[in-house]
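Now for the letters of each chain:
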Amino acid sequence: MKKLKKKTVAVVITTLSTTTLINNKQVEAHAIPYKNNEVSLSANTPNNNTQFMYLSDMGYMSNLSHTAWGDIKLDQTLEGGTIKLNVDGEALEFNKGITAHATSTVVFDVSHYSNQYSRFTTYVGVDKSQGDRGNGVKFKVLTSVDGQNWEEKFETDVLKGNDNAVFIDIDITGANYLKLYADDNGSNGNDHSVYAAPRIMVPDYDISSEYLQGVKSV
């Protein structure tokens, strides 16, 4: 598992910019249009709109996705606020992300982009607003070729709102479907599960040098 260096986080939180939030949206299987990212990274990152795509800009497969409470939210918390996670001891806000109360499953059809984007990265955790309440959430990322048989690619320990988020960086070469799964760990109280800045990207994209738009310290 790769992790951003501390100095990189410091760069991230000092760069403020605007990001247009989109409404909660969902799509049926094989109905995901391509959408370029209108984002600005560092000046030394050329052609940044072709380097990655945010999952929250793609839309999820409603027929394979569900949440135990409320709705699946894109680019906001369950209450409609800004996503907040602890990252390396810093409280950070994210303008891009997915919130799905555990137990939840959010599935994406990435088959249209698999030839270009073969890597998936995200921060996972329980929204900071929930603090130490509840008994935590376990996160999994799975991939599939046919949408029926799934391969587990990553699993976290139990995380609460006052824990540090876990950074996930995995190879999804050959995958047509991507599943984000949050388990309620036996009780779903306060399980506001978050995938912050979830992106599929080109395999050699250099995350360590970027200025991540839409992230700031709290």
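Up top is the structure these notes are about.
Overview of the structure. Being a predicted model, the structure only gives us computed values, none of them experimental.

Scanning the protein chain from terminus to terminus reveals one helix and 16 strands. Looking at the protein chain residue by residue over its 218 residues, the buried ones come to 54%. Surface accessibility of the protein chain: about 9600 Å² in total, with carbon and sulfur atoms responsible for 45%.

Here we come to the pairing of strand 15 (residues 193-201). For strand 15, the tally of buried residues reaches nine of nine residues, placing the bulk of the element in the interior. Bridging between strand 2 (residues 52-54) and strand 15 involves three bridges; their strand directions are antiparallel. Looking across to strand 15, one finds that Phe52 is bridged to Met201. In this structure, strand 10 (residues 119-126) lies alongside strand 15, joined through seven bridges in antiparallel fashion. Directly across from Thr121, in strand 15, lies its bridge partner Arg199.

In total, this model carries five aromatic pairs according to the counting rule given. Seen in terms of ring centroids, Phe52 and Tyr54 are 5.5 Å apart; in terms of plane orientation they differ by 80 degrees. Their pairing is edge-to-face. Of the two residues, Phe52 and Tyr54, both sit in the buried class. With centroids separated by 5.6 Å and ring planes inclined at 90 degrees, the aromatic side chains of Phe139 and Tyr195 adopt a geometry described as edge-to-face.

Our next topic: the pattern of salt bridges. By the definition in use, this model includes eight salt bridges. Residue Asp75 pairs with Lys96 through a salt bridge whose shortest N-O separation is 3.0 Å. Residue Asp75 is found in the loop between strand 5 (73-74) and strand 6 (83-87), and its partner Lys96 is found in the loop between strand 7 (90-94) and strand 8 (97-99); the two are separated by 21 residues along the sequence. The buried category is assigned to Asp75, whose relative accessible area is 3%.

Within the largest apolar cluster, 50 residues are counted, with the highest numbers of intra-cluster contacts made by Leu55, Phe94, Ile98, Phe120, Leu180 and Ile200. Here this core gets six residues from one element, more than from any other, and that element is strand 15.

Moving on, we get to the environment of Ala100. Here Ala100 is to be found in the loop between strand 8 and strand 9 (104-109). Residue Ala100 is classed as buried on the basis of its relative accessible area, which comes to 0%. With 94 residues separating them in the primary sequence, Ala100 and Val194 have C-alpha atoms 6.6 Å apart.

Here the focus is the environment of Tyr117. On the secondary structure map, Tyr117 appears in the loop between strand 9 and strand 10. Taking the C-alpha atoms as reference points, Tyr117 and Asp204, separated by 87 residues in sequence, lie 9.8 Å from one another. A polar contact is formed between the side chain of Tyr117 and the backbone oxygen of Thr50, at a distance of 3.2 Å.

Let us now look at unusual backbone geometry. The phi angle of most residues is negative, glycine excepted, and most peptide bonds adopt the trans form. Omega for the bond connecting Ala102 with Thr103 falls within 30 degrees of zero, at -5 degrees, which places this linkage in the cis form. Take Thr103: it is sitting in the loop between strand 8 and strand 9. One non-glycine residue, Asp88, lies in the positive phi region at around 50 degrees. Within the secondary structure layout, Asp88 lies in the loop between strand 6 and strand 7. In this structure, Ala197 is a non-glycine residue whose phi angle is positive, near 50 degrees.

Strand order in the open sheet formed by five strands is 4-9-14-11-12, and the pairing between neighbours is antiparallel. If you trace the sheet from one side to the other, it starts and ends with strand 4 (66-67) and strand 12 (150-155), each paired once.

Parameters at a glance
Residues numbered from 1 in each chain as written. Predicted model: local features only at pLDDT ≥ 70, side-chain atom pairs only at ≥ 80, totals over all residues. Heavy atoms only, no water. Helix = DSSP H or I, 4+ residues; strand = E, 2+ residues; numbered from the N terminus. Buried < 20%, exposed > 50% of the residue type's maximum accessible area, 1.4 Å probe, protein only. Areas by Shrake-Rupley, 256 points an atom, 1.4 Å probe, with all protein chains shown as cover. Pairing = 2+ DSSP bridges. Phe/Tyr/Trp six-rings, centres within 6.5 Å; stacked < 30°, edge-to-face > 60°. Salt bridge = Lys/Arg side-chain N within 4 Å of Asp/Glu carboxyl O. Core = buried A, V, L, I, M, F, W, Y, C linked by side-chain atoms within 4.5 Å. Polar contact = N/O pair within 3.5 Å; in protein donor to acceptor, adjacent residues only side chain to side chain.

Spatial relationships are all this shows, so hold off on functional conclusions.
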